[in-house]
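Listed below are the residues making up each chain.
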Amino acid sequence: MEVTGGFLLLAAWLNYLDGQGVVPLALLACALHELGHLLALRLLGTGVRRVTVTAVGAEMEVDRPLSYGGEILAALAGPLVSLALALVLCRLPGGAMFAGLNLVLCCFNLLPIGRLDGGRVLRCTLSWLLGPQAAWRLCRWSDRLFSGAAAALGLFLLGAGAGPTLLLTALWLCCNLALETRLCIKNPLRRNPHRRGRAA
């Protein structure tokens, strides 16, 4: 397991800003989410060679490529764990905050953008139906559409007096997509890497 300096700096900064003790609960929710992915990979008979935790999420390098169906199941396992935790914890006394964090994590990761779980499900489904090249081209446009829509909504909400959270998240997604696109153009083999990555 590898933890990058960027993740440690981000965690330290968020912890410094955190006055309600949300960051440790959010990190626990992310860890349980990732355990859902890991359990699914194990059930699919795939070993994990390395887990890298960065400022933009966690990435698991597997020892063999998955089928499209296996990739979809592995991608959905994390959000399903988060959703199950949210449904159980919301009924327990004092569990509302942790339930809310898990629900937000589930919904965020199901967005059909980039290397988020929803983006991987969309890309695998289109690859299954149309082939990898057509899926890559279609997802490149859908990534821009959904991240642009999130940025526009974030601007609207910021103008309406809401906080900058959605706008900052959308900008983070746009930067991540730009980096991913640049890497794919430089090295087309990265379009179908033998790894499953996720932004948490």
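Computed from a predicted structure; not experimentally measured.

**Side note on the overall build of the protein chain**
Item 1. Summing up its helical and strand segments, the protein chain has 7 helices and 4 strands in all.
Item 2. Reading the protein chain from its N end, one meets helices and strands in the order β-α-α-β-β-α-α-α-α-α-β.
Item 3. Within the protein chain, buried positions represent 37% of all 200 residues.
Item 4. Contacts in the protein chain between residues far apart in sequence, at least 24 positions, make up 63% of those at least 6 positions apart.
Item 5. With an accessible surface of roughly 11,200 Å², the protein chain has 71% of that area assigned to carbon and sulfur atoms.

**Here's the deal with the packing of aromatic side chains**
Item 1. Applying the stated criterion to the full structure yields 0 aromatic pairs.
Item 2. Positioned above the aromatic ring of W141 is the side chain of R144, whose terminal nitrogen or guanidinium carbon lies 4.8 Å from the ring centre.

**As for the pattern of salt bridges**
When the charged atoms of two side chains with opposite charge come close together, those side chains can pair.
Item 1. Counted by the stated rule, this structure contains 5 salt bridges.
Item 2. R115 serves as the salt-bridge partner of E59, at 2.9 Å between the closest nitrogen and oxygen. Of this pair, E59 sits in strand 3 (residues 57-62) while R115 is found in the loop between helix 4 (96-109) and helix 5 (117-130), placing the two residues 56 residues apart along the sequence.
Item 3. By relative accessible area, which is 18% here, E59 ends up buried.
Item 4. Taking relative accessible area as the criterion, R115 reaches 24% and is therefore assigned partly exposed.
Item 5. When the shortest N-O distance is used, the salt bridge between D143 and R123 registers 3.2 Å. Of this pair, D143 sits in helix 6 (residues 132-159) while R123 sits in helix 5, and the two are 20 residues apart along the sequence.

**Focus: the confidence of the model for the protein chain**
Item 1. Here the protein chain averages 82 in pLDDT, while 88% of its residues score no lower than 70.
Item 2. Within the protein chain, no element has a lower average pLDDT than strand 4 (residues 195-198), which sits at 44, and none a higher one than helix 3 (residues 68-89), at 94.
Item 3. Within the model, the stretch residues 185-200 combines pLDDT values under 50 with 51 contacts to residues more than four positions away or in other chains.

**Quick notes on the side chain of S82**
Item 1. By secondary structure assignment, the location of S82 is in helix 3.
Item 2. S82 has contacts with H33, N102, L105 and C106, leaving out every residue within four places of it along the chain.

**Focus: the pairing of strand 2 (residues 48-54)**
Item 1. Relative to strand 2, strand 1 (residues 2-3) runs parallel, the two being bridged by 2 bridges. Bridging across to strand 2, E2 finds its partner in T52.
Item 2. Examined bridge by bridge, strand 2 and strand 3 share 6 bridges and lie antiparallel to one another. Following the sheet pairing, R50 is matched in strand 3 by E61.

**Topic: helix 2 (residues 22-43)**
Item 1. The end-to-end C-alpha distance of helix 2 is 32 Å, a good match for the 32 Å that 22 residues give at a rise of 1.5 Å each.
Item 2. For helix 2, every residue scored as buried is listed here: V23, A29, H33, E34, G36, H37, A40 and L41. Buried residues along helix 2 cover an arc of 135° about the axis, so they all sit on one side. Of the exposed residues in helix 2, those oriented more than 90 degrees away from the buried face are L39, R42 and L43.
Item 3. Immediately downstream of helix 2, the backbone of G45 shows phi near 80°, a positive value.

**Brief notes about a nonpolar patch on the surface**
Item 1. Taken together, the side chains of L10, W13, L14, Y16 and L17 define a hydrophobic patch exposed on the protein surface, amounting to about 570 Å² of accessible area.
Item 2. Along the chain, the position of Y16 falls in helix 1 (residues 5-17).
Item 3. The exposed category is assigned to Y16, whose relative accessible area is 70%.

Calculation rules
- Residues numbered from 1 in each chain as written.
- Predicted model: local features only at pLDDT ≥ 70, side-chain atom pairs only at ≥ 80, totals over all residues.
- Heavy atoms only, no water.
- Helix = DSSP H or I, 4+ residues; strand = E, 2+ residues; numbered from the N terminus.
- Buried < 20%, exposed > 50% of the residue type's maximum accessible area, 1.4 Å probe, protein only.
- Contact = heavy atoms within 4.5 Å.
- Areas by Shrake-Rupley, 256 points an atom, 1.4 Å probe, with all protein chains shown as cover.
- Phe/Tyr/Trp six-rings, centres within 6.5 Å; stacked < 30°, edge-to-face > 60°.
- Lys NZ or Arg CZ within 6 Å of the ring centre and 35° of its normal.
- Salt bridge = Lys/Arg side-chain N within 4 Å of Asp/Glu carboxyl O.
- pLDDT = per-residue confidence, 0-100.
- Pairing = 2+ DSSP bridges.
- Expected span 1.5 Å × (residues − 1).
- Arc of directions from axis to C-beta.
- Patch = residues over 30% accessible without salt bridge, like charges linked within 9 Å, V, L, I, M, F, W, Y side chains within 5 Å.

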